[in-house]
Amino acid sequence: MHDAIIIGSGPNGLAAAIHLARQDLSVAVYEAEATVGGGTRTRELTLPGFKHDLCSAIHPMAKASPFLQSLPLEEYGLEWIHPEVPVAHPLDDQPAGALFHCLEQTVAHLEEDGETYRRSIGPLIHSWKQLLPDILAPFSLTPGHPFTMARFGLQALRSAEGFTRRFDTSKARALFAGLAGHGILPFDKPATAAIGLVLGVAAHTVGWPYPKRGSHEITKAMAGYLESLGGTIYTGHPVTSVEQLPASQTVFFNTTPKQILDIAGDTLPQDYARKLRRFNYGCGVYKMDWALSEPIPWSDELCHKAGTVHLGGTYGEIAASEQATARGQHPDRPYVLVAQQSLFDDSRAPSGKHTCWAYCHVPNGSEADMSEPILQQIERFAPGFRDCIIGQHSMNTVDLQAYNSNYIGGDINGGKQDLSQMFTRPAGLFDPYHIPNTQFYICSSSTPPGGGVHGMCGYHAARSALDRQFQKTL
Ligand SMILES: Cc1cc2nc3c(=O)[nH]c(=O)nc-3n(C[C@H](O)[C@H](O)[C@H](O)COP(=O)(O)OP(=O)(O)OC[C@H]3O[C@@H](n4cnc5c(N)ncnc54)[C@H](O)[C@@H]3O)c2cc1C
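Note that the structure is predicted; figures quoted are calculated from it, not measured. (Residues numbered from 1 in each chain as written. Predicted model: local features only at pLDDT ≥ 70, side-chain atom pairs only at ≥ 80, totals over all residues. Heavy atoms only, no water.)

Novice: Looking at this structure, how should I read the site of the ligand?
Specialist: Taken together, 38 residues form the shell around the ligand, and within it Glu31, Gly39, Ile58, Gly452 and Val453 come nearest. Within the backbone of Ile412, a nitrogen or oxygen atom sits 3.5 Å from an oxygen atom of the ligand. With respect to the ligand, the backbone of Ser445 contributes an N or O atom lying 2.9 Å from an oxygen atom. Calculation on the ligand without its partners gives an accessible area of 1000 Å², and the protein chains cover 94% of this total. Contributing elements (two or more residues each) for the shell around the ligand: helix H1 (11-21), helix H11 (257-264) and strand S14 (354-362). For the shell around the ligand, the leading source of residues is H1, giving three residues. Across the shell around the ligand, the residue classes tally to 15 nonpolar, 19 polar and four charged. (Near = heavy atom within 4 Å. Polar contact = N/O pair within 3.5 Å; in protein donor to acceptor, adjacent residues only side chain to side chain. Areas by Shrake-Rupley, 256 points an atom, 1.4 Å probe, with all protein chains shown as cover. Helix = DSSP H or I, 4+ residues; strand = E, 2+ residues; numbered from the N terminus. Nonpolar A, V, L, I, M, F, W, Y, C, P; charged D, E, K, R; others polar.)

Printed below as a string of structure tokens:
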């Protein structure tokens, strides 16, 4: 008899397991795949010796996460790498934009828009430590720091389109479009400024780092720590029904609503099951990885110093790309997110060689081949890129879902992150982690605060169970 069984070993499943095991509860994790990790695995996808992050690559939210930062993951092998520049954004007819770790450097770099940027981001940087626990948490009528949260909310609830109007220069407008584009929503929707603000502030506080040797190091370290606390992990164990699980006081789903209905549908309250069936999934992604004979030949020097490069040109182009994707179209010039980990991490590729990671957004379930539009966007800002390619690997939304069943239709966030689902995902505002009248909990990114590698969904789900089931309020 376990205290808790967790289905799935993504960062949120492991976070839930760790928080429970830290309270001396007996915990077992069942993972479908051969290794732990969910969206954080690293593999030789192209050629021997080239290590590619299959899914997540850049981890400001892991570095910001109050829960992950409370764990001794460095003792279990995790090493963070901070590129000189967190993110660069090349433009056709002028020097690239960038966010630097230093706010003052960014203000100077943004020239006419520097002071506007400082006024928008500066106060949030100063209150970041207070804000984070409230932002990375379920909705609360009594946030820890109500005034700070209200000040953030006033800006964050705006659309990215409305927020960006404060900038006069195309450089600042394009930079913010690149940040807001991580939300995978059209920029005229309310609250699409939120993700841009959080990622912008993160660049000046925790940075946009990535783990040496690959994103898998995050969950390998979490698994090592969990086992040191007495937790057990069974890999290669896909769970198809709750009946196949050993006896346990609680079951945690590190899965999305669709799988919960498949695995436990008969045992769920009907009203709740109906809500899960209405859950909305968002756009998918098309993912590419390359083995390169040399670094990406960016035209703009600044891009050689950045871990992440946002491609798509101006605000207008990126906004149009996100709008088209949401309408079910495949843009000719998609917004492309690029990471170049091997520039600052020599464990990723054989000596002198490099890797490149990239993806663009596509309609949910798309089977289109987006490799040519992605390559064209990279060539646009790095002419000669194609000549550097010695190995290539692509995944459409079907491949992504086959790799990780949580990526329904290629949705990497466990559900659309629009205002209607931001706080209520997957089926309610208050304690969204507990399935009413059952001993079941949801701990995946389908719960608040949503997608990304931060483990906060798992942490809050574990807290909910400790409170309800184990009478431990922590
Ligand atoms: C291409 C791509 C790029 C991304 N880039 C970033 C990034 O740079 N930074 C970032 O922070 N985030 C990024 N993400 C998002 C991030 O990977 C996810 O938000 C995060 O992994 C979600 O964590 P999770 O624990 O909720 O679920 P997951 O990581 O998806 O883990 C779920 C686990 O459950 C297992 N599972 C599912 N069903 C079953 C079952 N029935 N039985 C047993 N096991 C099961 C799966 O195999 C999987 O291991 C990216 C994702 C993708 C795909």
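Novice: Whenever I open this one, the pairing of strand S13 (residues 336-339) confuses me. Can you help?
Specialist: The side-chain alternation of S13 yields two buried faces, one formed by Val336 and Val338 and the other by Leu337 and Ala339. Across four bridges, the pairing between strand S12 (residues 306-311) and S13 is antiparallel. Pairing of His310 across the sheet is with Leu337, part of S13. The sheet contact formed by S13 and S14 spans four bridges and is antiparallel. Bridge pairing links Val338 to Ala358 in S14. (Buried < 20%, exposed > 50% of the residue type's maximum accessible area, 1.4 Å probe, protein only. Pairing = 2+ DSSP bridges.)

Novice: What should I look at first to understand the sheet that holds strand S6 (residues 85-89) in this one?
Specialist: For sheets, the rule is that strands pair by backbone hydrogen bonds, running either parallel or antiparallel. Read across the sheet, seven strands follow the order S7-S6-S12-S13-S14-S11-S15 without closing on themselves; strand pairing throughout is mixed. A strand with exactly one partner marks an edge of an open sheet, and here the two such strands are strand S7 (97-99) and strand S15 (389-395). Strand-to-strand, the axes of this sheet are offset by a mean angle of 20 degrees, without reference to chain direction. By the bridge criterion, nine bridges tie strand S11 (residues 284-292) to S14 in an arrangement that is antiparallel. Across the sheet, the residue bridging to Val285 is His361, located in S14. (Axes fitted to C-alpha atoms, helices over the stretch in contact; angles between N-to-C directions.)

Novice: Explain the packing of H11 against helix H12 (residues 270-277) to me, please; I cannot follow it from the model alone.
Specialist: The geometry of a pair of packed helices is captured by two quantities: the angle between their axes and the separation between those axes. The interhelical angle for the contact between H11 and H12, taken along N-to-C directions, is 140 degrees, at an axis separation of 9 Å. In terms of orientation, H11 and H12 fall into the oblique class. Between H11 and H12 lies a crossing of left-handed hand. Residues Pro257, Ile260 and Leu261 of H11 lie in contact with H12, whose contacting residues are Ala273, Leu276 and Arg277. (Parallel < 35°, antiparallel > 145°, perpendicular 65-115°, else oblique. Left-handed = near helix turned anticlockwise from the far one by under 90°. Contact = heavy atoms within 4.5 Å.)

Novice: How should I be thinking about the packing of helix H5 (residues 128-135) against helix H6 (residues 146-156) in this particular structure?
Specialist: Where H5 contacts H6, the axes come no closer than 9 Å and their chain directions differ by 80 degrees. Between H5 and H6, the crossing angle belongs to the class labelled roughly perpendicular. Facing H5, whose interface residues are Gln130, Leu131, Asp134 and Ile135, H6 presents Thr148, Met149 and Phe152. When its residues are assigned to classes, the contact of H5 with H6 shows four nonpolar, two polar and one charged.

Novice: Sorry if this is basic, but what is going on with H6 here?
Specialist: The α-helix advances 3.6 residues per turn, and as a result positions three or four apart in sequence lie on the same side. Those residues of H6 lying buried are Thr148, Phe152, Gly153, Gln155 and Ala156. Down the axis of H6, the buried set is contained in an arc of 165 degrees. They therefore lie on one face. Among the exposed residues of H6, those oriented more than 90 degrees off its buried face are Phe147 and Leu154. On its buried face, H6 sits against helix H4 (114-126), H5, helix H7 (160-164) and helix H9 (193-205). (Arc of directions from axis to C-beta.)

Novice: For this particular structure, what's the right way to read a nonpolar patch on the surface?
Specialist: A cluster of nonpolar residues, Phe139, Leu141, Leu157, Leu419, Phe423 and Phe430, forms a patch on the protein surface that exposes about 580 Å² of accessible area. With respect to the helices, strands and loops of the structure, Leu157 is situated in the loop between H6 and H7. (Patch = residues over 30% accessible without salt bridge, like charges linked within 9 Å, V, L, I, M, F, W, Y side chains within 5 Å. Salt bridge = Lys/Arg side-chain N within 4 Å of Asp/Glu carboxyl O.)

Novice: Any chance you could explain unusual backbone geometry here in plain terms?
Specialist: Peptide bonds are mostly trans, and most non-glycine residues show a negative phi. The residue after Arg425, namely Pro426, is reached through a cis peptide bond having omega -5 degrees. Here Pro426 lies in the loop between helix H17 (419-422) and strand S16 (440-442). Cis geometry marks the peptide bond from Pro448 to Pro449, where omega comes out at 5 degrees. Structurally, Pro449 is set in the loop between S16 and helix H18 (456-468). Even without being glycine, Ala191 reaches a positive phi, approximately 70 degrees. Relative to the assigned elements, Ala191 resides in the loop between helix H8 (170-180) and H9. Its identity is not glycine, yet Asn437 carries a phi of approximately 60 degrees, on the positive side. Looking at the element boundaries, Asn437 is found in the loop between H17 and S16. On the basis of relative accessibility, which here comes to 75%, the residue Asn437 falls in the exposed class.

Novice: So what exactly am I meant to see when it comes to the side chain of His204 here?
Specialist: Looking at the element boundaries, His204 is found in helix H9. In this structure His204 touches Leu99, Phe100, His101, Cys102, Leu103, Thr106, Tyr117, Ile121 and Ile125, once residues within four positions along its chain are discounted.

Novice: Help me out: how do you make sense of H18 in this one?
Specialist: If you check H18, its first and last C-alpha atoms are 18 Å apart, about what 13 residues at 1.5 Å a residue would give, namely 18 Å. Taking burial as the measure, the 13 residues of H18 include 10 buried ones, the bulk of the element. Taken as a whole, H18 has its buried residues at Met456, Cys457, Gly458, Tyr459, His460, Ala461, Ala462, Ser464, Ala465 and Leu466. (Expected span 1.5 Å × (residues − 1).)

Novice: When you look at the state of the cysteines in this model, what are you seeing that I'm missing?
Specialist: Should the sulfur atoms of two cysteines be covalently bonded, the bond is a disulfide. One pass over the structure, following the stated rule, counts zero disulfides. Just so you know, Cys55 is unpaired, no disulfide at all, and the nearest cysteine sulfur is the one on Cys360, 15 Å from it. The buried category is assigned to Cys55, whose relative accessible area is 11%. You can see Cys303 has no disulfide; the closest cysteine sulfur is in Cys356, sitting 12 Å from it. (Disulfide = S-S within 2.5 Å.)

Novice: Any chance you could explain the packing of aromatic side chains here in plain terms?
Specialist: For any two aromatic rings, the description comes down to two numbers: the centre-to-centre distance and the angle of the planes. In this structure the tally under the stated criterion is 13 aromatic pairs. Where Phe139 meets Phe423, the ring centres are 5.9 Å apart and the plane angle is 65 degrees; that geometry is what we call edge-to-face. In this pair, Phe139 sits in the loop between H5 and H6 while Phe423 sits in the loop between H17 and S16, placing the two residues 284 residues apart along the sequence. Pairing Trp357 with Tyr359 gives two aromatic rings, centres 5.3 Å apart and planes at 80 degrees, and the pair type is edge-to-face. Here Trp357 matches Tyr359 in class, with each residue buried. Counting every residue linked through ring pairs, the aromatic cluster contains Phe139, Phe423 and Phe430. The ring of Phe163 carries Arg166 above its face, with NZ or CZ at 3.8 Å from the centroid. Over the ring of Tyr315 we find Arg173; its NZ or CZ atom is 4.9 Å from the centre of that ring. (Phe/Tyr/Trp six-rings, centres within 6.5 Å; stacked < 30°, edge-to-face > 60°. Lys NZ or Arg CZ within 6 Å of the ring centre and 35° of its normal.)

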